[in-house]
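Summary of the model geometry
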Amino acid sequence: EVQLVESGGGLVQPGGSLRLSCAASGFTLSDHYLDWVRQAPGKGLEWVGRTRNKANSYTTEYAASVKGRFTLSRDESKNSVYLQMNGLRTEDTAIYYCARASYASGSYYFDYWGQGTLVTVSS
Amino acid sequence: DIQMTQSPSSLSASVGDRVTITCRASQGIRNDLGWYQQKPGKAPKRLIYAASNLQSGVPSRFSGSGSGTQFTLTISSLQPEDFATYYCLQHNSHPLTFGGGTKVEIK
């Protein structure tokens, strides 16, 4: 059974750092793209970033709102993907979801999602 | 960046109603569009991929259509468990962009 479990959320002051983890099970992580999507309280969904699979050299993409502050990485030995968040701002407050993106009909679509982890940036 | 304009932002409907939600892309995205359903306090769930392909296990009352810049999600006969928020997402180019969401409420 495919599972994604996020952890690492919490309360952090503006300017601080936090590292989120997404633990994957039930599939071979290196074969898949993993994305992060966030949702501010009461708001819609916002795509944050992507780490591609081994076949695509684990390259990454980021939303403009987080580029230069957030960094994606993987540890295949731990079946985990990480989102390092630096320089946090109050507007980064959100539930952060990791989602597996699988290839279908010409593009990559999210087929499994984690339950999310809440990040609160406040003084 | 590709902008996704989703409408309506909310709607009220009764059980058994036919419901249509639309998404318009600011530029052509072929059929690289997915529809996702989100219930309160839950992660989103994929309903449709590649504009018109039904995710395995999703009821056949859900259907998607469109290509290029205009896309539609249709629920043929609304059921109590369908009251949720629906999002379109373009998967054509980075950054990926969501529509603003459509909240489907009970009339």
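Everything below is about the structure printed above this text.
Before going into details, it helps to say that this report is about the structure given with it. (Residues numbered from 1 in each chain as written. Chains lettered and ligands numbered in written order. Predicted model: local features only at pLDDT ≥ 70, side-chain atom pairs only at ≥ 80, totals over all residues. Heavy atoms only, no water.)

1. Quick notes on the sheet that holds strand 7 (residues 62-67) of chain B
Residues and elements named next belong to chain B. Overall, antiparallel pairing links the four strands, which are arranged 1-3-8-7 in an open sheet. The open sheet terminates on both sides in strands that have one partner only, identified here as strand 1 (4-7) and strand 7. If you compare each strand with its neighbour and ignore which way they point, the axes differ by 15 degrees on average. As defined by bridge partners, strand 3 (residues 19-25) adjoins strand 8 (residues 70-75) across six bridges and the pair is classed as antiparallel. (Pairing = 2+ DSSP bridges. Helix = DSSP H or I, 4+ residues; strand = E, 2+ residues; numbered from the N terminus. Axes fitted to C-alpha atoms, helices over the stretch in contact; angles between N-to-C directions.)

2. With respect to the interface of chain A and chain B
In many analyses, interface size is given as the accessible surface area lost on bringing the parts together. Across the contact, 22 residues belong to chain A and 21 residues belong to chain B. Roughly 1,700 Å² of surface becomes buried between chain A and chain B when both sides are summed, with 61% attributable to carbon and sulfur atoms. In terms of surface lost to chain B, no three residues of chain A exceed Leu45, Trp47 and Tyr109 of chain A, which account for 37% of the buried area on that side. The interface formed by chain A and chain B holds zero salt bridges in total. (Contact = heavy atoms within 4.5 Å. Buried area = accessible area lost by both parts, 1.4 Å probe. Salt bridge = Lys/Arg side-chain N within 4 Å of Asp/Glu carboxyl O.)

3. Let's talk about the sheet that holds strand 7 (residues 70-75) of chain A
Residues and elements named next belong to chain A. One open sheet holds the four strands; their spatial order is 1-3-8-7, and the pairing between them is antiparallel. Each end of this open sheet is capped by a strand with a single partner; those strands are strand 1 (3-7) and strand 7. Direction aside, neighbouring strands of the sheet carry axes that sit 20 degrees apart on average. One ladder, built from six bridges, connects strand 7 with strand 8 (residues 80-85); its direction is antiparallel. When the sheet's bridge partners are listed, Phe70 is paired in strand 8 with Met85.

4. Remarks on the state of the cysteines
Residues and elements named next belong to chain B. For the structure shown, the criterion picks out two disulfides over all chains. In this model, Cys23 is linked to Cys88 through a disulfide, with the two sulfur atoms separated by 1.8 Å. Between Cys23 and Cys88, the disulfide has an S-S torsion of -70 degrees and is therefore left-handed. One end of the pair, Cys23, is in strand 3; the other, Cys88, is in strand 9 (residues 85-90), and 65 residues separate them in sequence. (Disulfide = S-S within 2.5 Å.)

5. Quick word on the side chain of Ser21 of chain A
Residues and elements named next belong to chain A. The residue Ser21 is located in strand 3 (residues 18-25) in this model. By relative accessible area, Ser21 is classed as buried at 16%. Beyond its immediate chain neighbours, meaning those up to four positions away, Ser21 contacts Val5, Glu6, Ser7, Trp36, Val81 and Tyr82. (Buried < 20%, exposed > 50% of the residue type's maximum accessible area, 1.4 Å probe, protein only.)

6. Re the environment of Leu83 of chain A
Structurally, the position occupied by Leu83 of chain A is in strand 8. Excluding anything up to four places from it in sequence, Leu83 of chain A contacts Leu18, Arg19, Leu20, Trp36, Val48, Phe70, Thr71, Leu72 and Tyr96 of chain A.

7. Side note on unusual backbone geometry
Residues and elements named next belong to chain B. Here the residue pair Ser7 and Pro8 is connected by a cis peptide bond, since its omega of -5 degrees sits within 30 degrees of zero. Topologically, Pro8 is positioned in the loop between strand 1 and strand 2 (10-13). With an omega of 0 degrees, the peptide bond between His94 and Pro95 qualifies as cis. By the secondary structure assignment, Pro95 is in the loop between strand 9 and strand 10 (97-98). The backbone phi angle of Arg30 is positive, close to 55 degrees, even though this residue is not glycine. Relative to the elements of secondary structure, Arg30 occurs in the loop between strand 3 and strand 4 (33-38).

8. Some details on the pairing of strand 3 of chain A
Taken residue by residue, a regular strand's side chains alternate between the two faces of the sheet. Residue and element names in this part refer to chain A. In this structure, strand 1 lies alongside strand 3, joined through five bridges in antiparallel fashion. What sits directly across from Leu4, in strand 3, is Ala24. Looking at chain direction, strand 3 and strand 8 are connected through six bridges and run antiparallel. Bridging across to strand 8, Arg19 finds its partner in Gln84.

9. Describing the packing of aromatic side chains
Tallied over the entire structure, the rule returns nine aromatic pairs over all chains. Grouping aromatic residues by their ring pairs yields a cluster made of Tyr97, Phe110 and Trp113 of chain A together with Tyr36 of chain B. Here Arg19 of chain A stacks its cationic end above the ring of Tyr82 of chain A, 4.0 Å away from the centre of that ring. (Phe/Tyr/Trp six-rings, centres within 6.5 Å; stacked < 30°, edge-to-face > 60°. Lys NZ or Arg CZ within 6 Å of the ring centre and 35° of its normal.)

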